[in-house]
Amino acid sequence: MEVPILKQGAVLIATFQAALSDADLNHLRMGLVQQVVKFRSRAVIVDVTAMDVMDSFASRTLREIALMIRLRGAETVIVGIQPEVAFAMVQLGLTLEGVATALDLEEGLAYLNEKFKTTN
Amino acid sequence: MVFPMKFPANSGGGLTQNRAARAEEKIFMAKRDGTPTSPEPKRTEEPSELLRELVAHLRQNRTQLREEWVVRITETRLLTAMTKEEIFAEATSVYDSYVEALETEAFEALQAYARNLSERIIPRGVETHEVVGIVLLLRDVLARSLFAKYQNDFKKLNRILDAYEPAANRIANTVAVGFVQERERVIRQQQEAIRELSTPVLQVRERLLILPIIGVIDPQRARQLTEQLLRGIRTNRAKVVVIDITGVAAMDVTVANHLVQTVEASRLLGATVIVTGLSPEIAQTLVTIGVDLGKMNTVGDLQGGIEQAERLLGYKVESLAEPQ
């Protein structure tokens, strides 16, 4: 399943659809980093609003994506985690430590604006 | 209270066996003491026939038996919370349902009726012992009328009671269980309401929520708290939450861990949590269980917590009055 990746200036926005397979996640990990390189993006927003479950593999992959993208000098923000999903995740100990999170796309963009303003 | 009674799973078969066993016993005993065996027993009625017969009798004498029952209820001082008219109205519907259950043996329908009845009378303050009491009184009143009707035919009375007793006992059991189930449902509902009322999520500024917690937190309440908070964060688009636990005396390890999880889950929704009002005991608990305090943002009291939250959100509070 293809995950749509949109470009908004220096930010890439990847919108997860529900129920991504492990293969999809692996494919996405490589794909996103390649896009960051190609467009010299400064940040990536991963929108998981449509995900109603988050297992340990998905959670780990998200973290790895963030770390890989940081090696390219770019920031990752995960947005749209649903309350039920957040609750389930912390009970399993999947806290996405070290990865920025925001309520939704709007908040994610606001957060990045602030960050870019202060670093410029 | 559930009646510890056993009912034959197949009451028809059980009755046939009992009757056959007694007939055999009679013939055996007769042979032993030399008296001629009794003539071939008359064709005995099927249990379903007996049931029909007794149900017909109960229907025919409905008015009188119901009246007798209501008198007994008043004498025993049951249902004191209800007026005479109400008792009469309920007695009528209970009597009819009782007789119908005897006839159709449809106990699910009876249980549904019992729950429905309970829903009506529990708010009136009727207690379990009263409901069980009146059903048993009805059982007695009907049984007595059967004694009276068949007093001249003891054998037939026995057969009638064989048909009546298991069904009547099952009815008493069903009604009692239905009543208790309804009470338990009401209690659960009330507990849920209390829990919800006691954990309000309040917005005090744009993007700032306060969750004041008072009283005892058990794991169930803690879980409910978290769910309400996460939903509140999403609905109000909160960026900062102040959880105040001044009103919480003590917290066990499970709940303390739950608090940490709440903080982490809130972060996943993009909100920062500030915990305020930790008592010395709770502070001790958290340190003892080795909670990673780096993950928890804590401030002494609620005032301090709100002030820090405002700073995080970029608010500045200034006094308008001239300093004296």
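All of these numbers come straight from a predicted model, not from anything done at the bench.

Draft legend 1. Seen up close, the pairing of strand 1 (residues 5–8) of chain A. Residue and element names in this part refer to chain A. Relative to strand 2 (residues 11–15), strand 1 is paired through four bridges, and the arrangement is antiparallel. What sits directly across from Ile 5, in strand 2, is Ala 14. Adjacent in sequence and paired antiparallel, strand 1 and strand 2 are bridged by two residues, among which Gly 9 carries a positive phi angle near 65°.

Draft legend 2. Representation of the interface of chain B and chain A in the model. At the junction of the two partners, chain B supplies 13 residues and chain A supplies 13 residues. Elements supplying a minimum of two residues to the side of chain B that touches chain A: helix 8 (219–236) and helix 9 (253–268) of chain B. Residues that form the side of chain B that touches chain A fall into these classes: four nonpolar, three polar and six charged.

Draft legend 3. Focus on the sheet that holds strand 4 (residues 272–276) of chain B. All names here are of chain B. If you walk across this open sheet you meet the five strands as 1-2-3-4-5, and the pairing is mixed. Here the strands that pair on one side only, and so sit at the sheet edges, are strand 1 (202–205) and strand 5 (297–299). Geometrically, the sheet is characterised by an average inter-axis angle of 30° between neighbouring strands, direction not taken into account. Across five bridges, strand 3 (residues 240–247) lies against strand 4 in parallel orientation. What sits directly across from Val 242, in strand 4, is Ile 274. Together, strand 1, strand 2 (208–214), strand 3, strand 4 and strand 5 form the strand contacts of helix 11 (residues 302–313), whose direction differs from that of strand 3 by roughly 175°.

Draft legend 4. Up close: the packing of helix 3 (residues 62–75) of chain B against helix 6 (residues 128–149) of chain B. Residue and element names in this part refer to chain B. In the contact formed by helix 3 and helix 6, the axes pass within 9 Å of each other and the chain directions differ by 135°. On the basis of their axis angle, the class for helix 3 and helix 6 is oblique. Crossing of helix 3 over helix 6 shows right-handed handedness. Between helix 3 and helix 6, the contacting residues are Leu 65, Glu 68, Trp 69, Arg 72 and Ile 73 on the first element and Ile 134, Leu 137, Leu 138, Val 141, Leu 142 and Ser 145 on the second.

About the criteria used
- Residues numbered from 1 in each chain as written.
- Chains lettered and ligands numbered in written order.
- Predicted model: local features only at pLDDT ≥ 70, side-chain atom pairs only at ≥ 80, totals over all residues.
- Pairing = 2+ DSSP bridges.
- Helix = DSSP H or I, 4+ residues; strand = E, 2+ residues; numbered from the N terminus.
- Contact = placed C-beta atoms within 7 Å.
- Nonpolar A, V, L, I, M, F, W, Y, C, P; charged D, E, K, R; others polar.
- Axes fitted to C-alpha atoms, helices over the stretch in contact; angles between N-to-C directions.
- Parallel < 35°, antiparallel > 145°, perpendicular 65-115°, else oblique.
- Left-handed = near helix turned anticlockwise from the far one by under 90°.

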